[in-house]
Amino acid sequence: PGTPARASSPPRRTPALTPRLVRSNDTSTTSRAMPHASSLASRARASHTRLTFSARRRHSARSHSTRFAAAVTRAAYTADQLTTLKQTTTKLRECAKRGAASSAVDLLVGLGAQGVTPDATCATACISACVNGANMELAQKVYDEIFEKGVCVPDEVAVAEIAKGYLQLDPPGWGRAMQLVNGARQKYGVEPSSVTYNVLLSTCAATNDLMRAEEIVDRMVDEDVPADGYTLKAVEKRRSIRAYVRKMLLVDKEEVWDDDE
């Protein structure tokens, strides 16, 4: 009798070459037992610290995802188109410094005439020129033509920039600014971070709007958005707002002050 045939082993599966974010195995910040707290305040502080670490990890993941999306977008351009895009973006930033809204829009239109699709960075530079030139009508038109019509997807900087423009009006256009911030989250998945909230808090400080500032800070706490080195600078003119920011957000004050230095 012949030797019985060996059962063939199943073929090895090749792992999919899908980009993925590497998640750290270090869980020391979340798995460590809470220290004994002698008061409710210290227990709340420890809990808020863990939430802050968690929020920073989430915002870091968003940042990696945004950079990956930008790299994919750049890969869609030819070398000549990418050079033209970079040169035009540089010129648009110069227009933004001068507040030359009309010149910036002409540059953006000229870019399309050359067959180059503007990206979010380029469009944001154009919006900045319109905002700095106090021409919100043009800024909104650029936002609608580029983002709302699907030429490209806005990032948080673009949303924060046009929101800042409405908040610089007299009186500040809070309704329109918050409509843009909330709309970008619902439509494009643009989650506001300290970049957006610092703009909002800066306006509260400029107008001494303590009640609205408290609402914004409470929203940051609810959404686990950590403060950064610019948060205190945004509210440095108003002691009452600054005190509330310290109380609710700056769990580790020394870390923020180190960033300022």
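Everything that follows concerns the structure shown earlier in this document.
Residues numbered from 1 in each chain as written. Predicted model: local features only at pLDDT ≥ 70, side-chain atom pairs only at ≥ 80, totals over all residues. Heavy atoms only, no water.

Please set out the packing of aromatic side chains residue by residue, giving values where relevant.
Going through the model one piece at a time under the given rule, you end up with one aromatic pair. Taken together, a centroid distance of 5.1 Å and an interplanar angle of 70 degrees make the contact between Tyr143 and Phe147 edge-to-face. With Tyr143 and Phe147 both in helix α6 (residues 136–148) and four residues apart, this pair spans about one turn of that helix. Take Tyr143 and Phe147: they sit in the same class, and that class is buried. (Phe/Tyr/Trp six-rings, centres within 6.5 Å; stacked < 30°, edge-to-face > 60°. Helix = DSSP H or I, 4+ residues; strand = E, 2+ residues; numbered from the N terminus. Buried < 20%, exposed > 50% of the residue type's maximum accessible area, 1.4 Å probe, protein only.)

Mind laying out the pattern of salt bridges, listing which residues take part and the relevant values?
Under the definition given, this model contains seven salt bridges. Between Glu148 and Lys187 there is a salt bridge, with the nearest N and O atoms lying 2.8 Å from each other. With Glu148 in helix α6 and Lys187 in helix α8 (residues 174–188), this pair connects stretches of sequence that are 39 residues apart. Overall, Glu148 belongs to the partly exposed group, its relative accessible area being 34%. Since its relative accessible area comes to 52%, Lys187 is described here as exposed. Of the charged contacts, one joins Arg185 and Glu223 as a salt bridge, the two residues approaching to 3.1 Å between their closest N and O atoms. (Salt bridge = Lys/Arg side-chain N within 4 Å of Asp/Glu carboxyl O.)

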